[in-house]
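Close look at the chain arrangement
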Amino acid sequence: MKILLTFVLGAACASAAARTPSVNPMPDGSRDMYVGLGLVSSPAYEGARRPRRMAVPVLQGEWSNGVFISGMNAGVHLSDQPSLEFGPLLSVQARRSESGNGAALGGASLNSVTDGGSPLAPIGETPTQPAIPTQPGTPGQPDKAARNAGPNRLSGMDVVGARLQAGGFVNVYLSPSLRLTNSVLYGGGRDANGVLWNLGIQHVAQQFSPHHSVSLSAGVSVVNRHYNTSFFGVSPAEALRSGNPAYAPGGGLNGASAGVRWHWALSPSWLLINNVQATRVLGAAQNSPLVERPNGFVVSTALAYRF
């Protein structure tokens, strides 16, 4: 699951998961826009122990023709059925450097979500270094000493550049307040050949007072080998520079999250949005020497203006 330093305030999953505004029939030629400023605290990158706190702008817009923009995501609603949402989706993957994930424009989600490397060598086998011990009985996994090595495990690692990902989404309402979300994106990772599949469930915002509402969400992500290699793999060259053991993860289940958000309508035009999300790195990604702590928390708050 990709955690970006973006402000996706209503997302069911972390920084890596594209979400779309719900279907909302609008008069022809009309639009619904939100702009604002938010604060977010999250791990510096997926699996990092150290937190990163940033102020980020918030933007979301939806037009009567079905086009929407939500932070670093954009797409088109093609369905005219209130219980079904589907359409094409574009999403920008933020850059990751030694300091962690780069900042990016965020979306309020008020209605809802580099250069190529050489083939990876087996664990501990680099051209000039002896094999690094692995856990007994768990071939290909670094031991605890290796996982705790170094103050910054991204130091010496290649930069993963920003990428434009393309795909689509299909969301299904099981009831007026319960929604299954599903999106697939291609083009992420270092070589722009990563696949990210997000699956989630959302208990859509239920109003418990005239100006307050709360929503619950949970989700998982599945990725291909190229995606995992970009963000959790360590090539032989990177192992020489960083001191991390070489690691070649496969694809599969990548992460899970659960969160709650609270909307406070201060006035017809002003909205305060608060979000708390727990995340966990799973599968082959969890065994990466880059992962310092598989569990993480994302806390965010934003003030948005509707016009």
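Described in the following lines is the structure provided in the data block. (Residues numbered from 1 in each chain as written. Predicted model: local features only at pLDDT ≥ 70, side-chain atom pairs only at ≥ 80, totals over all residues. Heavy atoms only, no water.)

Here we take up the sheet that holds strand β8 (residues 163–175). Backbone hydrogen bonds are what pair the strands of a sheet, in a parallel or an antiparallel way. Taken in spatial order, the twelve strands of this closed barrel run β1-β2-β3-β4-β5-β8-β9-β10-β11-β12-β13-β14, and their pairing is antiparallel. Averaged over all neighbouring strand pairs, the angle between strand axes comes to 20°, with direction disregarded. Pairing geometry for strand β4 (residues 73–76) and strand β5 (residues 84–93), over three bridges, is antiparallel. Counterpart to G75 in the pairing with β5 is L89. Packed onto the sheet, helix α2 (residues 225–232) meets β5, β8, β10 (194–209), β11 (212–223), β12 (252–265) and β13 (270–281) and runs at close to 80° relative to β10. (Pairing = 2+ DSSP bridges. Helix = DSSP H or I, 4+ residues; strand = E, 2+ residues; numbered from the N terminus. Axes fitted to C-alpha atoms, helices over the stretch in contact; angles between N-to-C directions. Contact = heavy atoms within 4.5 Å.)

Turning next to the pairing of β10. As paired strands, strand β9 (residues 178–188) and β10 are joined by ten bridges and run antiparallel to one another. What sits directly across from L178, in β10, is H203. Linking β9 to β10, which pair antiparallel, is a turn of five residues; within it G189 sits at a positive phi near 85°. Where β10 meets β11, eleven bridges bridge the pair, whose relative direction is antiparallel. Across the sheet, residue N198 finds its bridge partner in β11, namely S221.

This next bit is on the pattern of salt bridges. Here the structure, examined in full by the defined rule, presents five salt bridges. Here R241 and D158 are joined by a salt bridge, their closest N and O atoms 2.5 Å apart. Placement of R241 in helix α3 (residues 236–242) and of D158 in the loop between α1 (144–147) and β8 is noted, with a sequence separation of 83 residues between them. Its salt-bridge partner being E238, residue R190 comes within 3.3 Å of it at the nearest N-O pair. On the criterion of sequence distance, the pair formed by R190 in the loop between β9 and β10 and E238 in helix α3 is long-range, its members being 48 residues apart. The same class applies to R190 and to E238, which are both buried. (Salt bridge = Lys/Arg side-chain N within 4 Å of Asp/Glu carboxyl O. Buried < 20%, exposed > 50% of the residue type's maximum accessible area, 1.4 Å probe, protein only.)

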